[in-house]
Amino acid sequence: MAHPKKRSSASRRDKRRTHVKLAMPPLVVCPVTGVVHTPHRAFWHEGKMYYKGRVVMHRVKP
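### Quick look at unusual backbone geometry
Next, step 1: Positive phi outside glycine occurs at histidine 40, with the angle close to 65°.
Next, step 2: Position of histidine 40 relative to the elements: it lies in the loop between strand E2 (36-37) and strand E3 (43-45).
Next, step 3: At lysine 52, a position not held by glycine, the phi torsion is positive, near 55°.
Next, step 4: Checked against the element boundaries, lysine 52 lands in the loop between strand E4 (48-51) and strand E5 (54-58).

### Re the pairing of E4
Next, step 1: The pairing of E3 with E4 spans 3 bridges and is classified as antiparallel. Within E4, the position partnered with histidine 45 by the bridge is lysine 48.
Next, step 2: The antiparallel hairpin formed by E3 and E4 contains 2 residues in its connecting segment, where glutamate 46 sits at a positive phi of about 50°.
Next, step 3: Of the pairings in the sheet, the one linking E4 to E5 comprises 4 bridges and is antiparallel in character. Across the sheet, the residue bridging to lysine 48 is histidine 58, located in E5.
Next, step 4: Hairpin connection, E4 to E5: the antiparallel pair is bridged by 2 residues, and lysine 52 has positive phi, about 55°.

### Quick word on a nonpolar patch on the surface
Next, step 1: A surface patch of nonpolar side chains, amounting to about 430 Å² of accessible area, comprises Met24, Leu27, Val29 and Val36.
Next, step 2: In this fold, valine 36 is placed in strand E2.

Rules used throughout
Residues numbered from 1 in each chain as written. Predicted model: local features only at pLDDT ≥ 70, side-chain atom pairs only at ≥ 80, totals over all residues. Heavy atoms only, no water. Helix = DSSP H or I, 4+ residues; strand = E, 2+ residues; numbered from the N terminus. Pairing = 2+ DSSP bridges. Patch = residues over 30% accessible without salt bridge, like charges linked within 9 Å, V, L, I, M, F, W, Y side chains within 5 Å. Areas by Shrake-Rupley, 256 points an atom, 1.4 Å probe, with all protein chains shown as cover. Salt bridge = Lys/Arg side-chain N within 4 Å of Asp/Glu carboxyl O.

These values are about where atoms sit, not about what they do.
Right under this line is the structure:
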């Protein structure tokens, strides 16, 4: 594997990294519960798991 002959400066390194950014994840509002969640994912709300606006699971408390 090749190794650099000279050290890269901090400004050159930072210029290369300008395009590496964190993006906000997409969020949607559930029409049934009004909860904000990521699309195409199941989410918990008040002891029930919802997916596509339907209850798919209930939380069992011991």
